[in-house]
Amino acid sequence: MQIIEGTIASPKGFSATGLHAGLKKEKKDLGVIYSEVPANAAAVYTTNQVKAAPIYVTKEAMADQKIQAVVVNSGVANACTGKIGLANAQEMQALTAAHLKIAKDTVAVASTGVIGKQLPMETIEAGINQIDLQHQEPYAFHQAILTTDTATKEIVVTEEINGQTVTMAGVAKGSGMIHPNMATMLAFVTTDAQISEDLLQEILADKTETTFNQITVDGDTSTNDMVLVLANGLAENPVIEKNTDAYTKFLAMFQLVSETLAKMIAKDGEGATKLIEVQVVGALNETEARLVAKKVVGSSLVKTAMFGEDPNWGRIICAVGYAGSHTDPEKIDMWIGDQQLLKHSQPQSFDEVIMKQTLEKEKICITVDLNIGAQSGKAWGCDLTYKYVEVNALYHT
């Protein structure tokens, strides 16, 4: 497997572009992904009971798991907008289908931005009519889906599968309101591999649990979260079957793309200065290991300690204790970086100079060994800074 330079349109048969339609003052705010042929599709969505209108439209389009285009806007979430919002999302779908000359029910819709505002449909229509895939700018799509993100998030990988070069690309946005359970988090993955819709959905659901669902910025689950995967089969590899060498390779590609995007989102948390990775080992089962890891990385007290570069292990063990997993409070080992802070729950002396250097880094690794089992899990998050409060205090205004 090889990581290459590219965009969401790198796999065969895909194109993409983005533009400034006028939903935001200056930045690009409308984008489209298009496949030459209807692609087998898989998706997961927010578990928030309050769901944005585009979620319902995309779910309906996904009934036969065939999608040919995705239209996305930023600036306005089209959430909590009632029947008018739903009609607007449906119109957005219909306008895109008409412009691209494809069936309406093969168009997925996604939105991100301020909750409670109606989409300015004249602006949306004018923007869609400007979409020009003959002169596509795929990287502009990466830009068009952003809100408070400070950078685009993308990865492209290739692998030889059954004699054919298969390409997979992923792009995501997310910076605040990130605590997925599948923030605002949107992720799109394209691949030219031949694989069935059902197997694609199974892989997405499984890998989402260990990647996208293991990141947290602020503990809030958005109304608009969506991960959508399109596989158009134009690499012309033999159809990937479960429990084969081809399946193992494809799974590794998907794991790398998903985990990379997840970590990029966590690192780009609003106001963040550090990526925090928590690894829990020695758990009774993987689910509990992931639960503890996410509780630790999601603790506001842990996040502020990391921002303050304070090795306050008491905040970490506190989060371990209330995670709700099986734990023996007398057996916990803990490290920040390579420095051990606890051994069988007893404080250990450590080199303060090395610890200071560790906490000054952009990535901080915390390891917790529960010493009661053989399973492990990871989670990713970021520090909690003054800037986070500033960004969210003024987000609507």
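Since the model is a prediction, treat every value here as computed from it, not as a measurement. (Residues numbered from 1 in each chain as written. Predicted model: local features only at pLDDT ≥ 70, side-chain atom pairs only at ≥ 80, totals over all residues. Heavy atoms only, no water.)

Observations concerning the packing of helix H1 (residues 53–61) against helix H2 (residues 82–100)
In contact at an axis separation of 8 Å, H1 and H2 are set at 50° when each is read in the N-to-C sense. Considered as vectors, H1 and H2 are oriented oblique to each other. For the pair H1 and H2, the sense of crossing is right-handed. Contacts between H1 and H2 involve Ala53, Pro54, Tyr56, Val57 and Ala61 on the former and, on the latter, Gly85, Leu86, Ala89, Gln90 and Gln93. (Axes fitted to C-alpha atoms, helices over the stretch in contact; angles between N-to-C directions. Helix = DSSP H or I, 4+ residues; strand = E, 2+ residues; numbered from the N terminus. Parallel < 35°, antiparallel > 145°, perpendicular 65-115°, else oblique. Left-handed = near helix turned anticlockwise from the far one by under 90°. Contact = heavy atoms within 4.5 Å.)

Here we look at the environment of Glu362
Here Glu362 lies in the loop between helix H10 (352–359) and strand E15 (363–369). Along the primary structure Glu362 and Thr260 are separated by 102 residues, whereas in three dimensions their C-alpha atoms are 16 Å apart. Excluding residues within four positions of it along the chain, Glu362 makes contact with Lys267, Thr273, Lys274 and Leu275.

What about the pairing of strand E6 (residues 153–161)?
Summarising burial for E6: seven of the nine residues are buried, a large majority. Inspection of the sheet shows strand E1 (residues 2–4) paired to E6 by three bridges, in the antiparallel sense. Residue pairing in the sheet places Ile3 in a bridge with Val157 of E6. The pairing of E6 with strand E7 (residues 164–173) spans nine bridges and is classified as antiparallel. (Buried < 20%, exposed > 50% of the residue type's maximum accessible area, 1.4 Å probe, protein only. Pairing = 2+ DSSP bridges.)

Observations concerning helix H9 (residues 313–322)
Residues of H9 that are buried: Ile316, Ala319 and Val320. All buried residues of H9 lie within an arc of 105° about the axis, which places them on one face of the element. Looking at the buried positions of H9, the neighbouring elements they touch are helix H7 (286–298), helix H8 (300–307), strand E12 (333–336) and E15. Positive phi shows up at Gly324, right after H9, with a value of about 90°. (Arc of directions from axis to C-beta.)

A word on the packing of helix H5 (residues 197–210) against helix H6 (residues 245–267)
At a closest axis distance of 10 Å, the pairing of H5 and H6 adopts a crossing angle of 45°. The angle between H5 and H6 places the two elements in the oblique class. Between H5 and H6 lies a crossing whose hand is right-handed. Taking contact as the criterion, the partners of Leu199, Leu200, Glu202, Ile203, Leu204, Lys207 and Thr210 in H5 are, on H6, Tyr247, Phe250, Leu251, Phe254 and Gln255. Per-class residue counts for the contact of H5 with H6 are eight nonpolar, two polar and two charged. (Nonpolar A, V, L, I, M, F, W, Y, C, P; charged D, E, K, R; others polar.)

Some remarks on the confidence of the model for the chain
For the chain, the average pLDDT comes to 90, and 93% of its residues sit at 70 or higher. The least confident element of the chain, judged by mean pLDDT, is helix H11 (residues 386–393) at 69; the most confident is strand E2 (residues 14–19) at 98. Overall, residues 176–183 carries pLDDT values under 50, and its contacts beyond four positions in sequence, including any with other chains, amount to 51 contacts. (pLDDT = per-residue confidence, 0-100.)

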